Amino acid sequence: MTTRSALILAGLVLVGLAACGERPQVIEYKQGTYQGKPDQAPYAAAPYDGNKEQWNTAIKTRMQFQNEYRRIGD
């Protein structure tokens, strides 16, 4: 066996052993309870600090900048 073949074989053995070392990913589900991160309103964080009207205005303004008809001047 050449040195190159030995290195390739050793690499394949290492990759094979690494694949066997994966632990199973099991979720412990509790009936009727949500275990994820609780959601909050998109306007609750900075820079809006709970001001829903300011958030709506910012969203509408952002949408107008994506309007192709407005961008070309028609």
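Keep in mind it's a predicted model, so treat the numbers as computed, not measured.

Scoring rules and cut-offs
- Numbering of residues begins from 1 in every chain and follows the order in which that chain's sequence is written.
- Confidence filtering applies because this is a predicted model: local features only for residues at pLDDT of at least 70, side-chain atom pairs given and counted only at 80 or more, and all residues used for totals across whole chains, interfaces and linings.
- Neither water nor hydrogens contribute to the side-chain values; these are computed over all heavy atoms in the structure.
- Secondary structure elements are defined from DSSP: runs of H or I of at least 4 residues count as helices, runs of E of at least 2 residues count as strands, and each element is numbered from the N terminus.
- Here the radius of gyration uses the C-alpha set of atoms, whereas the globule reference equals 2.2 Å times the residue count to the power 0.38.
- For every residue, the accessible area (1.4 Å probe, protein chains only) is compared with the maximum for its type, and the residue is labelled buried under 20%, exposed over 50%, or partly exposed between those bounds.
- For the accessible areas, the method is Shrake-Rupley and the probe is 1.4 Å, while residue cover comes only from the protein chains on display.
- Expected helix span is taken as 1.5 Å per residue step, with the number of steps being one fewer than the number of residues.
- Definition of a polar contact: a pair of N or O atoms within 3.5 Å, with one able to donate and the other able to accept a hydrogen when the atoms are protein atoms, and with sequence-neighbouring residues admitted only if both atoms are side-chain atoms.
- Patches here are clusters of residues that have more than 30% relative accessible area and form no salt bridge, with a 9 Å joining cutoff for like charges and a 5 Å cutoff for nonpolar side chains (Val, Leu, Ile, Met, Phe, Trp, Tyr).
- When a carboxyl oxygen of Asp or Glu is within 4 Å of a side-chain nitrogen of Lys or Arg, the pair counts as a salt bridge.

### Observations regarding the overall build of the protein
No. 1: The secondary structure content of the protein amounts to three helices and zero strands.
No. 2: Along the protein, helices (α) and strands (β) appear in the sequence α-α-α when read from the amino end.
No. 3: Over its C-alpha atoms the protein spans a radius of gyration of 28 Å, topping by over 25% the 11 Å that the globule rule assigns to 74 residues.
No. 4: The dimensions of the protein, computed from C-alpha atoms along their principal axes, are 75 × 50 × 20 Å.
No. 5: Expressed as a percentage of the 74 residues in the protein, the buried residues total 1%.
No. 6: Surface exposure of the protein reaches about 7400 Å², of which carbon and sulfur atoms provide 57%.

### Some remarks on the environment of Glu-53
No. 1: Summarising the element assignment, Glu-53 is placed in helix 2 (residues 52-65).
No. 2: When the C-alpha positions of Glu-53 and Tyr-43 are compared, they lie 9.0 Å apart, and in sequence the two are 10 residues distant.

### Structural notes on helix 2
No. 1: Relative to the 20 Å expected for 14 residues at 1.5 Å per residue, helix 2 spans 20 Å between its end C-alpha atoms, a close match to the ideal helical length.
No. 2: With a side-chain oxygen lying 3.3 Å from the backbone nitrogen of Glu-53, the N-terminal cap of helix 2 falls on Asn-51.

### Re unusual backbone geometry
No. 1: Backbone torsion omega between Ala-46 and Pro-47 reads 10 degrees, so that peptide bond is classified as cis.
No. 2: By the element assignment, Pro-47 lies in the loop between helix 1 (3-20) and helix 2.
No. 3: Phi is positive for Asp-49, which is not a glycine, with a value near 50 degrees.
No. 4: Residue placement: Asp-49 occurs in the loop between helix 1 and helix 2.

### Brief notes about a nonpolar patch on the surface
No. 1: A contiguous nonpolar patch, built from Leu-9, Val-13 and Leu-17 and spanning about 280 Å² of accessible area, is present on the exposed surface.
No. 2: Judged by its relative accessible area of 57%, Leu-17 is exposed.

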